[in-house]
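# Examining the three-dimensional arrangement
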Amino acid sequence: MNADRSALVRRGTIASVAMLIVFLVAWEWGPGLLKIPPYIVPPLSATWKEFLRMWSVTALPWHTGVTAFEVLIGFILGSLLGALIGYVLGMSPTAEFALSPYILALQIAPKVAFAPLFILWMGFTIYPKILVAILIVFFPVMVNVLTAVRGVDPDLINLARSFKATRSQIFWKIEFPASLPPLFAGLRIGSTLAVIGVVVGELVGGNSGLGYLLSFGEGQGNTAMVFVTIIMLTIVGGIAYLLVILIEMRVLHYMPKRAAGGI
Amino acid sequence: MKRLEYRNVTMRFAGAKGSVFTAIENVDIALDDGEVVSLIGPSGCGKSTLLNIGSGLYAPTEGEAYVDGERVEGPNEHVAFMLQKDLLLPWRTIEQNVLLGTEIRKLDPAASRQKARDLLQAFKLGEFSDRYPHQLSGGMRQRAALARTLAVDPSVLLLDEPFSAVDAQTRIMLQHDLAQTLVKANKTALLITHDLLEAVILSDRVLVMSKRPGRIIDEIVIDIPDRDHPLKRRRDPKVAGYIARLMDQLDIGEHPAQDQAKEPA
C-alpha cells in the first residue's frame, strides 16, 4: 500500500518535471522553428527579460501586491458573507423559499458584468474590484454551506435532541462541524474565482493591479508583458488556493487521507 | 414503579392528499426496573414510532408515555436511544463521541471523562479512544455508540435494531456485550429487532406487534435463565419453541415466498 503510493509519487513527479522541461524547451525554441513572430508568442527568454524589466521599471511587485490584497480581502469577505447567509438559509426553510428566486437570479447573472457598474459607483479605487470578488466568491460558498446544513442526517439531529440539546448546541455540535468539508470545497472554488473577479474589475478601470497591466500591455502591443502578467495572476491564484488547502488540512485533520493526489 | 410505560398510546400521521394513517393504536406496555423487553413485528408496524415517543421526540396523538413515573413531554434525562446507524460524529474521536451527550447535558466534565474511559475499557475500546470513527470496524463503532448511550446514565435504554447493520459474528459479540452491560448496570431496555432469535435470547419478555395499525397482539415471557449470557441461552432447548410461536404470530413460515407490498408511508 505504502510502497504503491511512494512508487506512484516517484513516477508522477518524474513525469511532471519531464513535462515542464518539454514545455519550457518548446516555448523557447518552438516559436523560432515554426516562424511565429515574437509579438504573437514571445519565447521564454524574451518573457523572462520582460519580467525583469517590469520588476524594476513597471513596479510589477507593487501591482502584484495590489491585486493580491484585493483578492485576499474580497475572498475573506465573500466567504464570510457566503457562509453566514448559507447557515441562515440552511436553518430557515422559509427564508430560503422566499429568497431562492432572487438568489438564483443573482447566481445566473454573470458577476463580472457588475464590474463597470461598481466602477461607476465607486470610481477608480480598489473597492469595486473587491466588491466583484466578494460577489463571485459568495455563491459557491453559500450554496455549499446551505446544501451541507440541509444534508445533515436527521437522525443525528434527533440524537442531539434526545440529549436535550438546545438549538444553538445542535448548530455548534452537529450542523457547523458537519458543514466544514463542503464549506472548504466551496472555499477552494472561491479562492480561484476571487482572482477572476479582481482581474475583471482591474481590466475595466483603474491604474493599478495586474489587470491594469494586462490592458496596458495589450495597448502597447507588448505580448511579453501580457504573458508575464498572466503568469503572475496564476501565481497569485495558486497561493490563494494553497492557503485554503493548508487551512483545510489543519481544520479537517480528522478526514480519512485521500488515496492519491491531494489537490 | 414502572420504569417505562406506554398507556393507551395511539399515533396518527397525516398521509398524502389529506389522508390520515394510524401507525400504532391503543398500545399498552410497561417495563419493570431492570427488565429487558423486545418488540417484534412486521416492517412499518410502528415500532420505531413507539421508540420516538418514549424518547420524547414525538408526542403521541392519544395516550401518554411515562418514564420513571414522569410523563414524557419531550426529550428527558431518563432515556437514551441507540439506532442501527452508529451516528458517531466523524470529527470527534471515539472518547469525544462518547462524551457528546454529557457535554450537551452539561454534566461534570471530569466525572464524565472518567465514566467514558471506564465504558470504553469495558467495551474493549480503551486503546482506541483517541481514534476517529472511520478508523474503527463496524462492531467497534456500534460498541462506541452503546458507550455514548450509557455515558449519560439513563434509567431506560431504547434500542432500535442496534445490531442489524453488522455481520453475524460481530452481532453475536455485541449481543453478549449488551446483555452483560444491561445486567451489570441494572438498566431497563426496550429493544426493537427483526431478529427473532435475538429477541428471545436477550429479553425477559417479547412483545409481538401486528401489521399497521400496530397493536400488541402477543406477549411471550422468556423462561430461560442467564439473561446475561445470550450465548448460553442460544443453546437452550426452549428457544426453538419460542421462535416457532413468534413465527406463527408473525404469519411467517406459511407463505415464505409471499412478500407483502409496501404500504405508502
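Criteria and thresholds
Residues numbered from 1 in each chain as written. Chains lettered and ligands numbered in written order. Predicted model: local features only at pLDDT ≥ 70, side-chain atom pairs only at ≥ 80, totals over all residues. Helix = DSSP H or I, 4+ residues; strand = E, 2+ residues; numbered from the N terminus. Rg over C-alpha atoms; globule rule 2.2 N^0.38 Å. Buried ≥ 20, exposed ≤ 12 C-beta atoms within 10 Å, placed from the backbone. Contact = placed C-beta atoms within 7 Å. Expected span 1.5 Å × (residues − 1). Arc of directions from axis to C-beta. Pairing = 2+ DSSP bridges. Axes fitted to C-alpha atoms, helices over the stretch in contact; angles between N-to-C directions. Core = buried A, V, L, I, M, F, W, Y, C linked by C-beta atoms within 7 Å. Domains from an automatic or database assignment. Nonpolar A, V, L, I, M, F, W, Y, C, P; charged D, E, K, R; others polar. Parallel < 35°, antiparallel > 145°, perpendicular 65-115°, else oblique. Left-handed = near helix turned anticlockwise from the far one by under 90°.

A tally of helices and strands in chain B yields 9 helices and 10 strands. Over its C-alpha trace chain B gives a radius of gyration of 19 Å, about what one expects of a compact globule, namely 18 Å for 265 residues. Projecting the C-alpha coordinates of chain B onto the three principal axes gives extents of approximately 50 × 45 × 35 Å. Relative to its full complement of 265 residues, chain B shows a buried share of 45%. Pairs at least 24 residues apart make up 70% of the contacts formed inside chain B by residues separated by at least 6 positions.

Here the focus is helix α2 (residues 44-56) of chain A. All names here are of chain A. An ideal rise of 1.5 Å per residue puts 18 Å on 13 residues; α2 measures up with 19 Å between its terminal C-alpha atoms. Taken together, the buried positions of α2 are Thr 47, Glu 50 and Met 54. For α2, the buried positions fall inside an angular range of 60° around the axis, keeping them on one side. Seen from the buried face of α2, the exposed residues on the opposite side, beyond 90 degrees, are Ser 45, Leu 52 and Ser 56. Each element contacted by the buried residues of α2 is listed here: α3 (60-91) and α10 (223-251).

Residues and elements named next belong to chain B. Sheet architecture is open: 6 strands sit in the order β6-β7-β8-β3-β9-β10, paired in mixed fashion. Whereas interior strands pair on both sides, the edge strands pair on one side only; in this sheet they are β6 (79-82) and β10 (216-221). This sheet shows a mean twist of 20° between the axes of neighbouring strands, independent of strand direction. Sheet analysis places strand β9 (residues 205-209) next to β10, joined by 5 bridges and oriented antiparallel. Paired with Arg 205 across the two strands is Val 221, which belongs to β10. On top of the sheet, helix α5 (residues 138-151) reaches β6 and β7 (156-160); it is set at about 170° to β6, its chief contact.

Once that is clear, we can look at the nonpolar core. The biggest cluster of nonpolar side chains holds 137 residues, and the ones touching the most others in it are Val 132, Ala 133 and Ala 194 of chain A together with Ala 147 of chain B. Looking at this core element by element, the count peaks at 16 residues for helix α6 (residues 127-150) of chain A. What Ala 194 of chain A contacts, discounting residues up to four positions off in sequence, is Val 71, Gly 74, Phe 75, Gly 78, Ala 133, Ile 136, Val 137 and Ala 240 of chain A.

The next point concerns the interface of chain B and chain A. Counting residues at the interface gives 18 residues for chain B and 15 residues for chain A. When residues of the side of chain B that touches chain A are traced back to their parent elements, those giving at least two are β6 and α3 (100-104) of chain B. Broken down by element, the side of chain B that touches chain A gets its largest block of residues, 3 residues, from α3 of chain B.

The topology assignment puts Ile 216 of chain B in strand β10. Taking the C-alpha atoms as reference, Ile 216 of chain B lies 9.0 Å from Leu 39 of chain B; in sequence the two are 177 residues apart.

Turning our attention to the domain arrangement of chain B. Residues and elements named next belong to chain B. Once the domains are mapped, chain B shows domain 1 (4-78 + 156-250) and domain 2 (92-153). Put simply, the middle of domain 1 and the middle of domain 2, counted by C-alpha atoms, are 24 Å apart. On the domain 2 side, the residues contacting the 13 residues of domain 1 number 9 residues. Per element, the largest residue contribution to the side of domain 1 that touches domain 2 is 6 residues, and it comes from helix α6 (residues 168-184). A breakdown of the residues in the side of domain 1 that touches domain 2 according to their chemical character gives 9 nonpolar, 2 polar and 2 charged.

What follows concerns the packing of helix α8 (residues 167-204) of chain A against α10 of chain A. Residue and element names in this part refer to chain A. At their nearest, the axes of α8 and α10 sit 9 Å apart, and the two run at 165° to each other. Taken as axis vectors, α8 and α10 run roughly antiparallel relative to one another. Two packed elements cross with a definite hand, and for α8 against α10 that hand is right-handed. Here Leu 180, Phe 184, Leu 187, Arg 188, Ser 191, Thr 192, Ala 194, Val 195 and Val 199 of α8 come into contact with α10, specifically with Leu 233, Val 236, Gly 237, Ala 240, Tyr 241, Val 244, Glu 248 and Val 251. Counted by class, the contact of α8 with α10 contains 12 nonpolar, 3 polar and 2 charged residues.

Residue and element names in this part refer to chain B. Taking 1.5 Å per residue as the helical rise, helix α4 (residues 109-122) with its 14 residues ought to reach 20 Å, and the 20 Å between its terminal C-alpha atoms agrees with that figure. Three or more residues of α4 are buried, namely Ser 112, Lys 115, Ala 116, Leu 119 and Leu 120. Down the axis of α4, the smallest arc covering the buried residues is 135°, so these residues share one side. Opposite the buried face of α4, by more than 90 degrees, sit the exposed residues Ala 110, Ala 111 and Gln 114. Next to the buried residues of α4 lie α2 (94-98), α3 and α5. Taken from the residues just after α4, Lys 124 is the one with a positive phi, measuring 55°.

Attention shifts here to the sheet that holds strand β1 (residues 4-14) of chain B. All names here are of chain B. In spatial order, the strands read β2-β1-β4-β5; together these 4 strands make up an open sheet with antiparallel pairing. Sheet topology places β2 (20-31) and β5 (70-71) at the edges, where each strand pairs with a single neighbour. Where β1 meets strand β4 (residues 62-67), 5 bridges bridge the pair, whose relative direction is antiparallel. Bridge assignment links Arg 7 to a residue of β4, and that residue is Glu 64. In the packing of helix α1 (residues 47-54) onto the sheet, the strands contacted are β1, β2 and β4, and the crossing angle to β1 comes to about 115°.

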